[in-house]
Amino acid sequence: MYKNIEEIRTALFCGKRIYDIPLRVTFYGRVSTDEDKQLNSLEHQIAYFESKIKSCEKWEYVPGYIDEGITGTRADKRPQFLKMVRDAKAGAFDLILTKEVSRFARDIVDCVQTVRELLRYDVGVLIEDINLNTMDKDAEFRLSIMAIVAQEENQYEQEPQDEVQQEQPAVQERPVA
């Protein structure tokens, strides 16, 4: 096992893939509603990450963290997310897999602060849909951009749709001659 984040970064810089580095790996999943469709998605996330971690020869599986029916806009309202950060501080794992930025956090401040905190504990986050590994040197810049997008998506989803429709410019019909 690598002792700290700098050793892992050096291995990555020297051409090793994250999948070829011996790590203790967990995952984080979240759905924002208790609807059957979302819970089914969560079951698929769990099965996918368990299979992915266990199939990686160099990785040691650590059970994941799941928040159900909870918004991603406030980290302090997600008990499993908070437990995951505490466990990271205690040295329970080296890497967290997550499906996408919006599953990890929908608030840019929470997202960047949490990633910085995890890195201080020598724990990285691999965000699968954009292949972003927070152990990469340029990751914070890329993560900030994606967190802004996730935050904006959340704000758009929260707006009442009739207000959005009212803001659309009216299309003027022209008579056909």
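The text that follows walks through the structure, step by step, so that each part is easy to find. Bear in mind that the values here come from a model prediction, so they are computed numbers and not experimental data. (Residues numbered from 1 in each chain as written. Predicted model: local features only at pLDDT ≥ 70, side-chain atom pairs only at ≥ 80, totals over all residues. Heavy atoms only, no water.)

On to the overall build of the protein chain, then. A tally of regular secondary structure across the protein chain gives seven helices and six strands. Sequence-ordered secondary structure for the protein chain, helices as α and strands as β, is α-β-α-β-β-α-β-α-α-β-β-α-α. Residues classed as buried in the protein chain amount to 40% of the 177 residues present. (Helix = DSSP H or I, 4+ residues; strand = E, 2+ residues; numbered from the N terminus. Buried < 20%, exposed > 50% of the residue type's maximum accessible area, 1.4 Å probe, protein only.)

Next up on the list: the side chain of Thr-98. For Thr-98, the location among the structural elements is in strand β4 (residues 95-98). A relative accessible area of 0% places Thr-98 in the buried class. A polar contact of 3.2 Å, which involves the side chain of Thr-98, links it to the backbone oxygen of Tyr-28. Setting aside anything within four residues of it in sequence, one finds Thr-98 in contact with Tyr-28, Phe-49, Arg-103, Phe-104, Val-125, Leu-126, Ile-127 and Glu-128. (Polar contact = N/O pair within 3.5 Å; in protein donor to acceptor, adjacent residues only side chain to side chain. Contact = heavy atoms within 4.5 Å.)

Let us now look at the environment of Ala-105. Mapped onto the elements, Ala-105 comes out in the loop between α4 (101-104) and α5 (108-120). Between the alpha carbons of Ala-105 and Arg-30 there is a distance of 9.5 Å; along the sequence they are 75 residues apart.

Moving on, we come to unusual backbone geometry. In this structure, Asp-122 takes a positive phi of about 65 degrees despite not being glycine. As for its position among the elements, Asp-122 is in the loop between α5 and β5 (124-127). Judged by its relative accessible area of 26%, Asp-122 falls in the partly exposed class. Even without being a glycine, Asn-131 presents a positive backbone phi close to 50 degrees.

Looking at the secondary structure, you find Ala-88 in helix α3 (residues 79-89). Ala-88 gets classed as buried once you look at its relative accessible area, which sits at 0%. A C-alpha to C-alpha distance of 9.7 Å links Ala-88 and Arg-120, two positions 32 residues apart in sequence. Those residues in contact with Ala-88, other than ones at most four positions away along the chain, are Phe-93, Leu-118, Tyr-121 and Val-123.

Attention now moves to the pairing of β4. Taking every second residue as pointing to the same face, both faces of β4 are buried, with Leu-95 and Leu-97 on one and Ile-96 and Thr-98 on the other. By the bridge criterion, four bridges tie strand β1 (residues 23-31) to β4 in an arrangement that is parallel. When the bridges of β4 are listed, Phe-27 appears paired with Leu-97. Bridge analysis of β4 against β5 gives four bridges, and the strand direction is parallel. Each residue of the ladder has a partner; that of Thr-98, found in β5, is Ile-127. (Pairing = 2+ DSSP bridges.)

A cluster of nonpolar side chains, namely Phe-141, Ile-145 and Val-149, defines an oily patch on the protein surface of about 290 Å² accessible area. Along the chain, the position of Ile-145 falls in helix α6 (residues 139-158). (Patch = residues over 30% accessible without salt bridge, like charges linked within 9 Å, V, L, I, M, F, W, Y side chains within 5 Å. Areas by Shrake-Rupley, 256 points an atom, 1.4 Å probe, with all protein chains shown as cover. Salt bridge = Lys/Arg side-chain N within 4 Å of Asp/Glu carboxyl O.)

Okay, the side chain of Thr-26 next. Tracing the sequence through the fold places Thr-26 in strand β1. Within polar-contact distance, the side chain of Thr-26 engages the backbone oxygen of Pro-63 at 2.8 Å. Residue contacts for Thr-26: discarding those within four places in its chain leaves Ile-53, Val-62, Pro-63, Gly-64, Tyr-65, Phe-93, Leu-95, Ile-96 and Leu-97.

This part covers the nonpolar core. In this structure, Ile-18, Trp-59, Leu-95, Leu-97 and Phe-104 are the most contacted members of the largest nonpolar core, which totals 42 residues. At five residues, the largest contribution of residues to this core is made by β1. Dropping the residues within four chain positions of it, Leu-95 is found in contact with Ile-18, Leu-23, Arg-24, Val-25, Thr-26, Trp-59, Val-123, Gly-124, Val-125, Leu-126 and Met-135. (Core = buried A, V, L, I, M, F, W, Y, C linked by side-chain atoms within 4.5 Å.)

Below, the discussion takes up α5. Look at α5: 18 Å from first C-alpha to last across 13 residues, which is about the 18 Å you get at 1.5 Å a residue. Turning to α5, its buried residues are Asp-110, Cys-111, Val-112, Thr-114, Val-115, Leu-118 and Leu-119. Asp-122 sits one or two positions beyond α5 and adopts a positive phi of about 65 degrees. (Expected span 1.5 Å × (residues − 1).)

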